[in-house]
Amino acid sequence: MKKIKFVIPLFLFCFMLNVWAIDKCTTDETKRVKDIADNVQFKVETNIVNAQEIDEVYVKYKIQVLNFNEDLALYYRENSNDEFRRITISELEKYSFDGGIIMEFKIFAYTTNLCNGTLLKTEKIELPGYNQYYVKNKEKCDQYKDFEYCKELMNVKTEDFEKIDKKFQEYLKENNINIQNSSNENRLYIIIAGIIFILLIVIIVFYLRKNKKKNLDI
């Protein structure tokens, strides 16, 4: 009886050691889930919407997650003041996000061992808004695409338009040679187009006179 009393606690102790060995977060297990998380990629799909009924152009984004794994859990937030919320991949891919925000994602281990809940990866994705300065100055931006505020997708405040116009004047002064070359090229194109037009008129007149003379001879 004494032997049985001694054996049972020993058996329970050994069993608990085995359970602990299975559940503990080993270096190899940590590396395994970290490698899986590092392989996760975020793909952003941009959709520019031209809403003619309200005379507005804006942008919507969809985010696709690649190489995700069941041993991972995904959390996100759209604003730095918000709490992180868990989301599944299928749920995320149904959502459309407005421009002008920075999405922040955290990937945690989601395992049956003590690695569960370990933060593995953090990623921020900027989703710029549609640049209304570009909309209001499209002709100018199409000509001077190198100007820093002529990007189609960019976070620009309406109240900053006046400051941007001043920067554009500075940009013109700094790039005076390029602008002069551009003006010369435009004049050259106009001259070439004029010559071609005159030649066409001459050919048409010559052709009409030739046909008229041929008709008179008949």
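Structure: see above.
What counts, and at which threshold
- Residues numbered from 1 in each chain as written.
- Predicted model: local features only at pLDDT ≥ 70, side-chain atom pairs only at ≥ 80, totals over all residues.
- Heavy atoms only, no water.
- Helix = DSSP H or I, 4+ residues; strand = E, 2+ residues; numbered from the N terminus.
- Contact = heavy atoms within 4.5 Å.
- Pairing = 2+ DSSP bridges.
- Axes fitted to C-alpha atoms, helices over the stretch in contact; angles between N-to-C directions.
- Salt bridge = Lys/Arg side-chain N within 4 Å of Asp/Glu carboxyl O.
- Buried < 20%, exposed > 50% of the residue type's maximum accessible area, 1.4 Å probe, protein only.

Considerations on the environment of L127
Consideration 1: Position of L127 relative to the elements: it lies in strand β7 (residues 119-127).
Consideration 2: A C-alpha to C-alpha distance of 8.8 Å links L127 and L153, two positions 26 residues apart in sequence.
Consideration 3: In this structure L127 touches V44, Y61, I63, F97, D98, G99, G100, I101 and M103, once residues within four positions along its chain are discounted.

Concerning the sheet that holds strand β4 (residues 85-86)
Consideration 1: In space, the 4 strands of this open sheet follow the order β4-β3-β6-β7, with antiparallel pairing throughout. Two strands in the sheet have a free side with no partner beyond their single neighbour: β4 and β7.
Consideration 2: For strand β3 (residues 72-77) and strand β6 (residues 101-109), the ladder comprises 6 bridges, and the chain directions are antiparallel. What sits directly across from R77, in β6, is E104.
Consideration 3: Sheet strands touched by helix α2 (residues 27-38): β3, β6 and β7. Its angle to β7, the strand with the most contacts, is close to 10°.

Some words on the sheet that holds strand β5 (residues 97-98)
Consideration 1: Strand order across the open sheet formed by 3 strands is β1-β2-β5, with antiparallel pairing between neighbours. One side of each edge strand has no neighbouring strand; the edge strands of this open sheet are β1 (41-51) and β5.
Consideration 2: Of the pairings in the sheet, the one linking strand β2 (residues 56-66) to β5 comprises 2 bridges and is antiparallel in character. Looking across to β5, one finds that K60 is bridged to D98.

A look at the pattern of salt bridges
Consideration 1: Scanning all chains against the criterion turns up 9 salt bridges.
Consideration 2: One salt bridge connects D71 with R32, and the closest N-O pair in it is separated by 3.0 Å. Taken together, the residues span a long stretch of sequence, with D71 in the loop between β2 and β3 and R32 in helix α2 at a distance of 39 residues.
Consideration 3: Residue R77 is joined to E104 by a salt bridge in which the shortest nitrogen-to-oxygen separation is 3.1 Å. Of this pair, R77 sits in strand β3 while E104 sits in strand β6; the two residues are 27 residues apart in sequence, bridging distant segments of the chain.
Consideration 4: According to the relative accessible area criterion, R77 is buried, its value standing at 18%.

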